[in-house]
Amino acid sequence: MILASSRELPELTLSPHKRATLHVTWTRARVNTRSCAWIHRWTASDGRTWLTIGRETGGYVFRFRRFADFHWSPRHRVLTCHIRPRTQMSTVRHLLLDQVLPAISSGEHGSGLHASAVVVGGEAVAFAGKTGLGKSTLAASFAAAGFPALTDDCLIVKEAGERFLAVPAYSSLRLWNDSATALGADLGRRHRVAAYSQKIRVNRSTSKIPFSGDPAPLRCVYLLETRAASRTLLIEPVSERDAFIALVRLAFRLDPYDRVHLANEMDRLARLSQVVSVRLLRVPRRLENLSSVQEAVLRDLQNRPARSMRAAG
């Protein structure tokens, strides 16, 4: 996805000689939602509505409370950012890059999963799960150990023949300060992701963390579970049926009522659960255990050969 924007997007890499596939425009005017049918809602940890997605003739509206609205026109390939008063641009860019674009990309370029991924031995290893389970922290711990980070929080999975490729996002990891400190890596100057969040953004230009810009065959998806009271680290296989159900629950979904897209997504995730190894990774929720979790995952990958690639009928 190549963006053309009249405002600077410093988190992204300039590609002046490539043709834009999506145009981003900016305005302070309010978006017109009179004909909008609100179809989907995400809630924050405090129970309040964080994001509402609406459908209208020719497009969709993303409404973030207090901060901004985004209008997406698939036909014209235009995404308009309607910035609310007193909203900082860093916050708008975060919403654009880390929430709106993943939802759009998921439907167009494959299946988008709530997962972070790294490259191990030329193959992608993903850590999937709900918000707050430590996906980014675990991926960052691998990257700090020399395994390049591929994507953070949204993994786009694309079919290529009889295998699946993990497509890299822009070079960025978003971490809490205590997680960043626990890594012990040179992360450079710390910049907050957005005005409303204490998370910091780690990228290629400000840190020594390695990032990969090339797609990689998806080797394994670890379904992350954490238990604060548990000291047990557990890795175990997941059946194809349970893997499929978990992947469906973890998928980004722009329009839950688009039957054609849903049917295609179900088929793709069913094939993914057959071709790619999906395993449960249950870890204690303590930062001092990062190295032991990393060792356990690497040992698990070494002891278990990649699942044979086969066509899913």
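Everything below is about the structure shown above.
Predicted, not measured: the structure shown is a model, and the values here were computed from it.

Asker: I would appreciate a short explanation of the pairing of strand E14 (residues 172–175) in the present structure.
Answerer: The two faces of the sheet receive side chains in turn, since in a regular strand these alternate between them. Neither face of E14 is left uncovered, since the one carrying Ser 172 and Arg 174 and the one carrying Leu 173 and Leu 175 both have all their residues buried. Across 4 bridges, E14 lies against strand E16 (residues 200–203) in antiparallel orientation. Within E16, the position partnered with Leu 175 by the bridge is Ile 200.

Asker: How should the side chain of Arg 282 be read in this particular structure?
Answerer: For Arg 282, the location among the structural elements is in strand E19 (residues 277–284). A distance of 3.0 Å separates the side chain of Arg 282 from the side chain of Glu 225, its partner in a polar contact.

Asker: Whenever I open this one, the sheet that holds strand E7 (residues 78–83) confuses me. Can you help?
Answerer: Working definition: the strands of a sheet are paired by backbone hydrogen bonds and lie parallel or antiparallel to each other. Taken together, 7 strands build an open sheet; the order of strands is E1-E2-E7-E6-E5-E4-E3 and the sheet is mixed. Each of the sheet's edge strands pairs with one partner strand only, and the pair in question is strand E1 (3–5) and strand E3 (37–43). Neighbour-to-neighbour, the strand axes of the sheet open up by a mean angle of 20°, direction not taken into account. Bridge count for strand E2 (residues 22–27) against E7 is 5 bridges, and the pairing is parallel. Note on E7: the bridge partner recorded for Thr 25 is Thr 80.

The rules we used
- Residues numbered from 1 in each chain as written.
- Predicted model: local features only at pLDDT ≥ 70, side-chain atom pairs only at ≥ 80, totals over all residues.
- Heavy atoms only, no water.
- Buried < 20%, exposed > 50% of the residue type's maximum accessible area, 1.4 Å probe, protein only.
- Helix = DSSP H or I, 4+ residues; strand = E, 2+ residues; numbered from the N terminus.
- Pairing = 2+ DSSP bridges.
- Polar contact = N/O pair within 3.5 Å; in protein donor to acceptor, adjacent residues only side chain to side chain.
- Axes fitted to C-alpha atoms, helices over the stretch in contact; angles between N-to-C directions.

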